[in-house]
Amino acid sequence: MPTQQVHTVDSSANERVALRKRPEAAAQARLTARDFLDRLHPSVDEQDAASVELVVSELVTNTVRHARGSRCSLQLQARADSIVIAVSDADRRPPHERSPDMSDGTGGFGWPMVRHLARSVTVTAGPSGKTIQATLPRSSARSSE
């Protein structure tokens with residue numbers, strides 16, 4: 001008799017971490033994201049996981065480089081069909097797009113890339129700062145069973 005595998009999405013999976021705004025914050029955020037993704041069932045396919053890590057890295061890097069304050073936070077949430085990334089900081093100023101620097105590589109590529117990879121991006125400013133929320137698609141990894 002064939003068995004039926006039941007996959008449940010851990011829709012309550014949620015993680016939040018506070019980060020000091022230092023250059024190593026982006027690496028710490030990527031590790032946090034990878035650990036979070038590795039614990040999800042069903043697992044997230046590798047391409048979607050790489051996109052999540054890239055967006056996390058870009059948002060935290062932009063916060064470290066451009067936002068006021070000494071701390072930021074990263075929140076990750078798993079939904080059935082998406083992964084929600086939220087990065088908060090103490091600066092109310094929204095991100096702005098600038099022309100990519102093609103000569104000395106000082107940036108300008110991250111914000112357009114975040115908006116391209118995400119299904120949606122929102123910026124919410126409040127009295128204590130802002131939160132940038134990016135929602136990325138989630139595809140389950142296909143098992144070869």
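Located above this text is the structure these notes cover.
Residues numbered from 1 in each chain as written. Predicted model: local features only at pLDDT ≥ 70, side-chain atom pairs only at ≥ 80, totals over all residues. Heavy atoms only, no water.

Quick look at the overall build of the protein chain
Then, number 1: For the protein chain, the helix and strand inventory stands at 3 helices and 5 strands.
Then, number 2: Starting at the N terminus, the α and β elements of the protein chain follow one another as β-α-α-β-β-α-β-β.
Then, number 3: Out of the 145 residues in the protein chain, the part that is buried amounts to 39%.
Then, number 4: In the protein chain, the share of contacts with a sequence separation of at least 24, taken over all contacts with a separation of at least 6, comes to 66%.
Then, number 5: By element, 49% of the accessible surface of the protein chain is carried by carbon and sulfur atoms, the whole surface being about 8700 Å². (Helix = DSSP H or I, 4+ residues; strand = E, 2+ residues; numbered from the N terminus. Buried < 20%, exposed > 50% of the residue type's maximum accessible area, 1.4 Å probe, protein only. Contact = heavy atoms within 4.5 Å. Areas by Shrake-Rupley, 256 points an atom, 1.4 Å probe, with all protein chains shown as cover.)

Topic: the pairing of strand β4 (residues 120-126)
Then, number 1: Two strands pair when backbone bridges link them, and β4 and strand β5 (residues 129-137) are joined in this way by 7 bridges, in the antiparallel orientation. Residue pairing across strands places S120 opposite T135, the latter belonging to β5.
Then, number 2: Linkage of β4 to β5, two consecutive antiparallel strands, is achieved through a turn of 2 residues. (Pairing = 2+ DSSP bridges.)

A look at unusual backbone geometry
Then, number 1: Looking along the chain, the bond that leaves H41 and enters P42 is cis, with omega of -5°.
Then, number 2: In this fold, P42 is placed in the loop between α1 (25-38) and α2 (46-66).

Here we look at the packing of α2 against helix α3 (residues 110-117)
Then, number 1: Here α2 crosses α3 at 145°, and the two axes come no closer than 10 Å. The crossing of α2 and α3 is left-handed. Between α2 and α3, the residues in contact are S51, L54, V55, E58, L59 and N62 and G110, W111, M113, V114 and L117, respectively.
Then, number 2: A class-by-class count of the residues in the contact of α2 with α3 yields 7 nonpolar, 3 polar and 1 charged. (Axes fitted to C-alpha atoms, helices over the stretch in contact; angles between N-to-C directions. Left-handed = near helix turned anticlockwise from the far one by under 90°. Nonpolar A, V, L, I, M, F, W, Y, C, P; charged D, E, K, R; others polar.)

Quick notes on the nonpolar core
Generally speaking, soluble globular proteins have nonpolar side chains that are buried together.
Then, number 1: Judged by nonpolar contacts, the single largest core of 30 residues is most densely connected at L19, L37, L40, V56, L59, L74 and I85.
Then, number 2: Where this core is concerned, the elements lending two or more residues are β1 (14-20), α1, α2, β2 (71-78), β3 (82-89), α3 and β5.
Then, number 3: Discounting chain neighbours no more than four positions away, the residues touching L59 are I85, V87, W111, V114, I132 and A134. (Core = buried A, V, L, I, M, F, W, Y, C linked by side-chain atoms within 4.5 Å.)

Things to note about the pairing of β5
Then, number 1: Examined bridge by bridge, β3 and β5 share 8 bridges and lie antiparallel to one another. Residue pairing across strands places V87 opposite I132, the latter belonging to β5.

Observations regarding the pattern of salt bridges
Then, number 1: For the structure on display, the rule yields 9 salt bridges.
Then, number 2: The shortest N-O distance in the salt bridge between R39 and D35 comes to 2.5 Å.
Then, number 3: Overall, the relative accessible area of 41% leaves R39 in the partly exposed class.
Then, number 4: For R119, the salt bridge goes to D81, with nearest N and O atoms at 3.5 Å. Taken together, the residues R119 in the loop between α3 and β4 and D81 in the loop between β2 and β3 connect sequence positions 38 residues apart.
Then, number 5: Counted as one network, the salt bridges with shared partners bring together R34, D38, E46 and E53. (Salt bridge = Lys/Arg side-chain N within 4 Å of Asp/Glu carboxyl O.)

Brief notes about the packing of α1 against α2
Then, number 1: Between α1 and α2, the least distance of the axes is 8 Å, while the angle of their chain directions is 150°. When the axis of α1 is compared with that of α2, the two are roughly antiparallel. The way α1 lies across α2 gives a crossing that is right-handed. Where α1 abuts α2, its residues A25, A26, A29, R30, A33, R34 and L37 lie against E46, A49, V52, E53, V56, S57, V60, T61 and V64. (Parallel < 35°, antiparallel > 145°, perpendicular 65-115°, else oblique.)

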